[in-house]
Amino acid sequence: MIRFEPRENVSSTYAVLVPVIAGIAALALAAIPISAAGADVQGAFIAMAKGAFGSPFAISELLARATPLILTGLAAAVAFKAKLWNIGAEGQLYVGALAAVAVGSGAISAPPYIMIPLIIAAGMMAGGTLMLVPTLLKTKLGADEVVTTLLLNFVVLLFVQMMLEGPMKDPMGMGWPQSEPISAAATLPKMFPRLRVHWGLVIALVSALIVFIIMTRSVWGFEIRATGENVSAARHAGIPVTATYVKVGLLSGALAGLAGVSEVAGLKGYLTADLSPGFGYTGIVVAMLAGLSPLGVVAAAIFIAAVFVGADSMSRAMGVSNYIADLIVALSLLCVLVSGLFVRFKVRFVRPKLPKKKEAEEF
């Protein structure tokens, strides 16, 4: 008989090793469909590793892909820590990008040291404001934020498409639904010549450090953790639960909006309806893989980015569909969820006790 017993203490080493093992297990499980596709499993994983780490260009692509994942992962991690289930990072990313384009495509003329902070502030305010709506619906009306944040993603995407076909459409875009380009003064500069990695990566890393300090070294971080552990106990202890939810919602949405700023001002240069291939949703996987740790989000984002970038290279080299990357990400999430069970509980195999035989009655 199997019995699950709660662990009293979980060592930090064990908590770190479990997600690593989960990622390895996901790669091992991915070998099954790769083999079923008729490809050499060892050669496929070698091609994936070379595609992600085999050259400066590959590493640059890896870091460029990881940048928005760090920010959306942080957005999910902060909200989930308070049990505020933000599934709307995708929509918040788009409104952040929309705000950045509105400010940075010629509405204001200023040098870079003014324009870049302006578009960052605009994107963060737009993302935070969008997340404020479902947060207030939750705290005031009891609405389920999973539903409201998820549905807002579709509303935002339709709104962005309307703006790109109407007021914000680039007159020089040959009829394509895209915004006017970001001005040179509002563009995030590249970190290295002829490579795509840009200073949005530095912004993402600094954001992770700031969130880590907030969560572990501040009163607000304690309030977030206490609210997430037990809302009733936090309210009884005098913690302003509603205010905590509002601040968490604003921070979470602002981080997702910053991801949109990073993509439109650091990589693409203008806004289109396909700016994000699902960074907001993948950020949830990143946060779960990191165990909601702000610094762990950086490592998890790099792992997920390596899977996507490496899978593209593997697809070209081995003839395997690059959709294998989506499969590996899904397997990683499932493995993390299963491994979380072993973090919280001990598994004991107990031999069932057999009933004692009744002694024969004496007559």
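Treat the numbers as computed from the prediction; the structure is a model and nothing was measured.

### So, the nonpolar core
If you look at the biggest cluster of nonpolar residues, it comprises 100 residues, and the most contacted ones within it are Ile70, Leu271, Ile304 and Met314. Residues contacting methionine 314, with those up to four places away along its chain left out, are Ile34, Ala44, Ala47, Met48, Gly319, Val320 and Ile324.

### Quick notes on the packing of helix H5 (residues 112-141) against helix H6 (residues 145-165)
Two elements in contact, H5 and H6, have axes whose closest approach is 9 Å; the angle formed by their N-to-C orientations is 150°. Our classification of the angle between H5 and H6 gives roughly antiparallel. You can see that H5 and H6 cross each other, and the crossing is right-handed. Seen from H5, the contacting residues are Leu130, Met131, Pro134, Leu137 and Lys138; seen from H6, they are Glu145, Thr148, Thr149, Leu152 and Val156. Here the contact of H5 with H6 is composed, by residue class, of 6 nonpolar, 2 polar and 2 charged.

### Here we look at a nonpolar patch on the surface
Where nonpolar side chains cluster on the molecular surface, the patch consists of Trp85, Val146, Val147, Leu150, Leu151, Phe154 and Tyr281 and spans about 580 Å² of accessible area. Ranked by residues supplied to the nonpolar patch, first place goes to H6 with 5 residues. Topologically, phenylalanine 154 is positioned in helix H6.

### Re the environment of glycine 253
Residue placement: glycine 253 occurs in helix H10 (residues 241-268). It is 14 Å that separates the C-alpha atoms of glycine 253 and phenylalanine 279, two residues lying 26 residues apart in sequence. Those residues within four positions of glycine 253 in sequence are excluded, and the remaining contacts are Gln92, Gly127, Gly128 and Met131.

### Quick word on helix H11 (residues 279-289)
Counting buried positions along H11 gives 9 out of 11 residues, so the element sits mostly inside the fold. Within H11, burial applies to Phe279, Gly280, Thr282, Gly283, Ile284, Val285, Val286, Ala287 and Leu289.

### Overview of the packing of helix H3 (residues 56-81) against helix H7 (residues 200-217)
H7 packs onto H3 with a crossing angle of 20° between their chain directions and a minimal axis gap of 9 Å. If you check the angle between H3 and H7, you find them roughly parallel. The hand of the H3/H7 crossing is left-handed. Packed against H3, whose contacting residues are Leu63, Thr67, Ile70, Leu71, Leu74, Val78 and Lys81, the element H7 presents Gly200, Leu201, Ala204, Leu205, Ser207, Ala208, Val211 and Met215 at the interface. Tallied by class, residues from the contact of H3 with H7 come to 11 nonpolar, 3 polar and 1 charged.

### Remarks on unusual backbone geometry
Residues other than glycine seldom take positive phi values, yet lysine 83 does so here, at roughly 60°. Secondary-structure assignment places lysine 83 in the loop between H3 and helix H4 (89-104). One non-glycine residue with positive phi stands out, namely leucine 292, at about 65°. Within the fold, leucine 292 resides in the loop between H11 and helix H12 (294-318).

### With respect to the side chain of glutamine 92
Turning to its location among the elements, glutamine 92 is positioned in helix H4. Here glutamine 92 is in contact with Asn86, Gly127, Leu130, Met131, Ser252, Gly253, Ala256 and Gly257, once residues within four sequence places are set aside.

### What to know about the environment of glycine 127
Tracing the sequence through the fold places glycine 127 in helix H5. Between the C-alpha atom of glycine 127 and that of serine 109, which follows or precedes it by 18 residues, the distance is 23 Å. Contact partners of glycine 127, with chain neighbours within four places excluded, come to Gln92, Val95, Gly253, Ala254 and Gly257.

### What about the pattern of salt bridges?
Taken as a whole and assessed by the stated rule, the structure comprises 4 salt bridges. Glutamate 145 serves as the salt-bridge partner of lysine 138, at 3.4 Å between the closest nitrogen and oxygen. Glutamate 165 is paired through a salt bridge with lysine 169; the nearest N and O atoms lie 3.9 Å apart.

### So, H12
Across its 25 residues, H12 extends 36 Å between first and last C-alpha, which sits within 8% of the 36 Å expected from 1.5 Å per residue. Of the residues flanking the end of H12, it is glycine 319, one or two places downstream, whose phi is positive at about 75°.

### A word on the side chain of glutamate 61
Within the fold, glutamate 61 resides in helix H3. Only 3.0 Å separates the side chain of glutamate 61 from the side chain of arginine 196, close enough to count as a polar contact. In this structure, glutamate 61 is in contact with Arg196 and Val309, ignoring residues within four places of it in sequence.

Procedures and definitions
- For every chain, the first residue of the written sequence is number 1, and numbering continues from 1 onward in sequence order.
- Where local features are concerned, this predicted model is filtered to residues with pLDDT of at least 70; where side-chain atom pairs are given and counted, the filter is 80 or more; whole-chain, interface and lining totals use all residues.
- Side-chain numbers here rest on the full set of heavy atoms in the structure, without hydrogens or water.
- Nine residue types can take part in a nonpolar core, namely buried Ala, Val, Leu, Ile, Met, Phe, Trp, Tyr and Cys, and a core is a set of them joined through side-chain atoms within 4.5 Å.
- Relative accessibility under 20% of the residue-type maximum defines a buried residue, over 50% an exposed one, and the middle range a partly exposed one, all with a 1.4 Å probe and only protein chains included.
- The criterion used for residue contact is that any of the two residues' heavy atoms lie within 4.5 Å.
- Helix axes use the C-alpha atoms of the stretch in contact, all axes being lines fitted to C-alpha atoms, and the angles between their N-to-C directions lie in the range 0 to 180 degrees.
- The secondary structure listing takes helices from DSSP runs of H or I that are at least 4 residues long and strands from runs of E that are at least 2 residues long, numbered from the N terminus.
- Each angle is binned into one of four classes, with values under 35 degrees roughly parallel, values over 145 roughly antiparallel, values of 65 to 115 roughly perpendicular, and all other values oblique.
- Should the near helix be turned anticlockwise from the far one by less than a right angle, the crossing is left-handed, and should it be turned clockwise, the crossing is right-handed.
- For this classification, the nonpolar set comprises Ala, Val, Leu, Ile, Met, Phe, Trp, Tyr, Cys and Pro, the charged set comprises Asp, Glu, Lys and Arg, and every other residue, Gly included, is treated as polar.
- For patches, a residue must show more than 30% relative accessible area and have no salt bridge; joins then use 9 Å for like charges and 5 Å for nonpolar side chains, namely Val, Leu, Ile, Met, Phe, Trp and Tyr.
- Here the open area of atoms and residues is found with the Shrake-Rupley method and a 1.4 Å probe, where only the protein chains shown may cover a residue.
- The term salt bridge refers to a pairing of a side-chain nitrogen on Lys or Arg with a carboxyl oxygen on Asp or Glu at a separation within 4 Å.
- What a helix is expected to span follows from its residue count: subtract one and scale by 1.5 Å.
- Whenever two N or O atoms come within 3.5 Å, that pair is a polar contact, provided that in protein one can donate a hydrogen and the other can accept it, and provided that, for residues adjacent in sequence, both atoms are side-chain atoms.

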